Amino acid sequence: METTVRQIGNSLGVLLPKSALDTLGMLAGDTLSVYMEPGETLILRKMPKHVADMRPEVEALMAHYADVLEALGDD
């Protein structure tokens, strides 16, 4: 399966084939997680709705405890 990187406004984007979206059960507005692996491998995974819905709360907690998280990362 191939696709082309396209200009979309001031950004770049990739259109995914309908067959791939159907296989994942993706609908407009769903969230994808993007992972990079060694060797220039890009992995897209459908994020479960309940996880996507928690994102604002998780980001707020991470911002609130940023200094603690940073200190833990120094080990």
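**Concerning the layout of surface pockets**
Thought 1: Taken as a whole, the largest pocket spans an internal volume of roughly 310 Å³.
Thought 2: Lining the largest pocket are M1, E2, T3, V14, L16, P17, A20, L24, L32, V34, L42 and L44.
Thought 3: Looking at the lining of the largest pocket, the elements with two or more residues in it are α1 (18–24), β3 (32–37) and β4 (41–46).
Thought 4: Along the lines of polarity and charge, the residues of the lining of the largest pocket split into 10 nonpolar, one polar and one charged.

**Thoughts on the packing of aromatic side chains**
Thought 1: All told, the structure shown has zero aromatic pairs when counted by the stated rule.
Thought 2: Across from the ring centre of Y35, 5.1 Å away, lies the NZ or CZ of R45, which sits over that ring.

**With respect to the pattern of salt bridges**
Thought 1: Here the structure, examined in full by the defined rule, presents two salt bridges.
Thought 2: Where K18 meets D22, a salt bridge forms, and the shortest distance between an N and an O atom there is 2.8 Å. Of this pair, K18 and D22 both sit in helix α1, four residues apart, which is roughly one turn of that helix.
Thought 3: For K18, a relative accessible area of 58% translates into the label exposed.

Rules used throughout
Residues numbered from 1 in each chain as written. Predicted model: local features only at pLDDT ≥ 70, side-chain atom pairs only at ≥ 80, totals over all residues. Heavy atoms only, no water. 1 Å grid on protein atoms, 1.4 Å probe; cavity = no way out; pocket = protein on both sides within 12 Å on 5 of 7 lines; lining within 4 Å. Points joined across faces, edges and corners; volume = space filled by probe spheres on them. Helix = DSSP H or I, 4+ residues; strand = E, 2+ residues; numbered from the N terminus. Nonpolar A, V, L, I, M, F, W, Y, C, P; charged D, E, K, R; others polar. Phe/Tyr/Trp six-rings, centres within 6.5 Å; stacked < 30°, edge-to-face > 60°. Lys NZ or Arg CZ within 6 Å of the ring centre and 35° of its normal. Salt bridge = Lys/Arg side-chain N within 4 Å of Asp/Glu carboxyl O. Buried < 20%, exposed > 50% of the residue type's maximum accessible area, 1.4 Å probe, protein only.

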